[in-house]
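Here are the chains, one letter per residue:
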Amino acid sequence: KVFQAVVSCIGSDGTIYIIPKSFETALNKLMAEIQNTFKGLGLLIPYCWKKGEACVVRGSDTVWYRAKIVEVSGSILRVQYVDHGYVESIPQCHLYPTTFYTGIPPLCIPCQLYKTLPIGNFWQQEAVDYLQELLKNEEVEVHVEELPDNPCGKLSISLYFGGMSLSSFMAYQKYCVAEDGQDIQKLGLLEGDLSPSYLPQTLPVLGEIFPVTVTHVVSPKEMYICFDSSGNLKKCSATERAASHDSESLNKALKWCNKIVKTLPHLTNFKKELPCLAEYVDGLWYRAKLLSITQLVPVQILVQFVDYGTYLVAPTSRLRHIPCHLLKYPVQAVRVLLAGFRPASDDKNVERIPYCPEWSLKALWTMLDCVEGKHLSASIHTVSPEVTISLYGDDKNLVHLKLIEMGLAELDD
């Protein structure tokens, strides 16, 4: 069985406590009922607590939770939150004994990684802390591998975050050994002389009008677009719905990669078009590809962020190997040429685009004003040798008409 779950906590012994997404409604309903039943302080009169006894506990967030006693030590009790897994030392005045809700099974499941042996035969504190930092409150994909012999035992699972195997990742970090042979290849870091590449985006059919956003403008004529299905998925074509799903899944995978990026090796191979992860000016890491070495001392590399079309010159410290599973998502940004216009032959503006001198800078700024942050739509004319489109603005008019009105462009035959 495969299901989505949220990791509620990591036990001190490395037990992974998960709450299946399908349990969330029941858990929310139970929590609301507990809050309505128990109000105010805990039990203030003397009480003889016993190990294993059911209770409710008032957490540091002043919310009441189901719990059980795991250790009695004077006025301080160690309790386990049965629906979340974590263990805490609590003064007796924050607990209340109850037999309410004991008929409801715990809504979190204790798990262990399938055929994964921690170094030293137990999870070291450093590994537990790392798992807690990586996984707590995060949504993961769980594959059930083996049921426990004891109903109260741990479920043996394979756990995937952002498309990566947790067992493989922890083995790569030298915290454990994956007994079934999972290793760096399963983690999927690009090493050696591999020549991988990104998948191209599937384009809508010719003539079909579809919503887009412009992610990067090279010139008034050349830009990068992404399919935009944020408005209404029901009205979108199958191509746009698939692109929307890919984009959502890619964003989740990249979020995970940003959490573990410091563990990924720096690039040592600077082959042109090589996929990689690159750090943008916002401090986040995105999918990119190498274009050229612009400087040798110190080494500076020109990269392009494939999901946006933007470029950046970066030192090698801001480039890392990309996990293979990030290559299964098509590039989100598509390079296009706009049809129907060309630079004005009598444009007297002296300031020109350095890399595209047939266009004036004024024409570039005008086009940016027409497309930046706007709800646009497009239709494809040709896909070869270049993808050419008509681009329409908020008012459903062709965006280049503004440039023609201002004398910055002219109609193309």
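Residues numbered from 1 in each chain as written. Predicted model: local features only at pLDDT ≥ 70, side-chain atom pairs only at ≥ 80, totals over all residues. Heavy atoms only, no water.

Asks: Let's hear about the sheet that holds strand β15 (residues 222–227): which residues, and what values?
Replies: Around the barrel, which closes on itself, the five strands sit in the order β14-β15-β21-β26-β25 with mixed pairing between neighbours. Taking the axes of each pair of neighbouring strands and ignoring which way they run, one obtains an average angle of 60 degrees across the sheet. In the sheet, strand β14 (residues 209–217) pairs with β15 via five bridges, with the strands oriented antiparallel. Within the sheet, the bridge partner assigned to V217 lies in β15 and is M223. Contacts from helix α6 (residues 361–371) reach β14, β15, β21 (334–338), β25 (376–382) and β26 (388–392) within the one sheet, and its direction differs from that of β14 by about 135 degrees. (Pairing = 2+ DSSP bridges. Helix = DSSP H or I, 4+ residues; strand = E, 2+ residues; numbered from the N terminus. Axes fitted to C-alpha atoms, helices over the stretch in contact; angles between N-to-C directions. Contact = heavy atoms within 4.5 Å.)

Asks: If you had to explain the sheet that holds strand β6 (residues 87–91) to someone new, which residues and values would you point to?
Replies: One open sheet holds the five strands; their spatial order is β6-β5-β4-β3-β7, and the pairing between them is antiparallel. A strand with exactly one partner marks an edge of an open sheet, and here the two such strands are β6 and β7 (95–97). For this sheet, the mean inter-axis angle between neighbouring strands, taken without regard to orientation, is 45 degrees. Note that strand β3 (residues 54–58) and β7 share three bridges and pair antiparallel. For C55, the partnering residue across the bridge sits in β7 and is P97.

Asks: So what's going on with the packing of aromatic side chains? Which residues, and what values?
Replies: For the coordinates displayed, the defined rule picks out 17 aromatic pairs. Taking the centre distance of 6.1 Å and the plane angle of 25 degrees together, the rings of Y130 and F169 count as stacked. Taken together, the positions of Y130 in helix α2 (residues 125–135) and F169 in helix α3 (residues 166–172) put the pair 39 residues apart, joining distant regions of the chain. Classification of Y130 as buried rests on a relative accessible area of 16%. (Phe/Tyr/Trp six-rings, centres within 6.5 Å; stacked < 30°, edge-to-face > 60°. Buried < 20%, exposed > 50% of the residue type's maximum accessible area, 1.4 Å probe, protein only.)

Asks: Report on the nonpolar core, specifying residues and quantitative values.
Replies: Formed by 45 residues in total, the largest nonpolar core has its most connected members in L135, F161, L166 and M170. Contributing elements (two or more residues each) for this core: β1 (2–10), β2 (16–20), β8 (109–113), α2, β10 (139–146), β11 (155–161), α3 and α5 (238–260). Every residue in contact with L166, bar those within four places of it in the chain, is listed here: I16, L113, L131, L134, L135, L159 and F161. By size, the runner-up hydrophobic cluster in this structure holds 29 residues, among which are F210, F227, V334 and I353. (Core = buried A, V, L, I, M, F, W, Y, C linked by side-chain atoms within 4.5 Å.)

Asks: Describe the UniProt feature "domain: Tudor" (unreviewed entry) in the chain, and please don't skip the residues or the numbers.
Replies: Under the UniProt annotation, the feature "domain: Tudor" (unreviewed entry) is placed at residues 48–105 and 269–329. Summarising residues 48–105: 0% helix, 50% strand, and an end-to-end C-alpha distance of 25 Å. Regarding residues 269–329, the helix share stands at 0% and the strand share at 51%, and the terminal C-alpha atoms are separated by 22 Å. (UniProt positions renumbered as here; feature names shortened; annotations may be inferred.)

Asks: Account for the side chain of T263, naming residues and giving values.
Replies: With respect to the helices, strands and loops of the structure, T263 is situated in the loop between α5 and β16 (275–279). Within the local environment of T263, its side chain forms a polar contact with the backbone oxygen of I260, the two atoms lying 2.6 Å apart. Non-local contacts of T263, meaning those with residues more than four positions away in its chain, are made with Y130, F169, Y172 and Q173. (Polar contact = N/O pair within 3.5 Å; in protein donor to acceptor, adjacent residues only side chain to side chain.)

Asks: If you had to explain the domain arrangement of the chain to someone new, which residues and values would you point to?
Replies: Interface size, as often reported, equals the accessible area lost upon joining of the parts. Looking at the chain, the domain boundaries give domain 1 (208–230 + 333–411) and domain 2 (265–322). Relative to domain 2, the C-alpha centre of domain 1 lies at a distance of 27 Å. On the side of domain 2, seven residues touch domain 1, which itself brings five residues to the contact. Approximately 440 Å² of surface area, both sides summed, lies buried where domain 1 meets domain 2, with 50% of it carried by carbon and sulfur atoms. When the buried surface of domain 1 facing domain 2 is broken down by residue, H216, Y224 and A333 rank first, second and third, together holding 74% of it. Along the contact surface separating domain 1 from domain 2 lie zero salt bridges. The interface formed by domain 1 and domain 2 holds four residue pairs in polar contact (both at pLDDT 80 or more) in total. Broken down by secondary-structure element, the contributors of at least two residues to the side of domain 1 that touches domain 2 are β14 and β15. Class assignment of the residues belonging to the side of domain 1 that touches domain 2 gives a composition of three nonpolar, two polar and no charged. (Domains from an automatic or database assignment. Buried area = accessible area lost by both parts, 1.4 Å probe. Salt bridge = Lys/Arg side-chain N within 4 Å of Asp/Glu carboxyl O. Nonpolar A, V, L, I, M, F, W, Y, C, P; charged D, E, K, R; others polar.)

Asks: Lay out the pairing of β21 with the relevant residues and their values.
Replies: Along a regular strand, successive side chains alternate from one face of the sheet to the other. Of all five residues in β21, four are buried; the element is thus mostly enclosed. Bridging between β15 and β21 involves four bridges; their strand directions are antiparallel. Note that in β21 the partner of M223 across the bridge is V336. Of the strand pairs in this sheet, β21 and β26 are connected by two bridges, and their pairing is parallel. When the sheet's bridge partners are listed, L337 is paired in β26 with T388.

Asks: So, the layout of surface pockets: which residues are in play, and what are the values?
Replies: The calculated volume of the largest pocket comes to roughly 680 Å³. Along the wall of the largest pocket there are 29 residues; nearest its centre are K68, V82, P106, C108 and P110. Taken together, the elements giving at least two residues each to the lining of the largest pocket come down to β3, β4 (64–73), β5 (76–81) and β8. (1 Å grid on protein atoms, 1.4 Å probe; cavity = no way out; pocket = protein on both sides within 12 Å on 5 of 7 lines; lining within 4 Å. Points joined across faces, edges and corners; volume = space filled by probe spheres on them.)

Asks: For the environment of P97, give the residues involved together with the corresponding values.
Replies: Within the secondary structure layout, P97 lies in strand β7. Look at P97 and you get buried, because its relative accessible area is 17%. C-alpha separation for the pair P97 and Y47, spaced 50 residues apart in sequence, amounts to 9.0 Å. Every residue in contact with P97, bar those within four places of it in the chain, is listed here: L43, Y47, W49, E53, A54 and C55.

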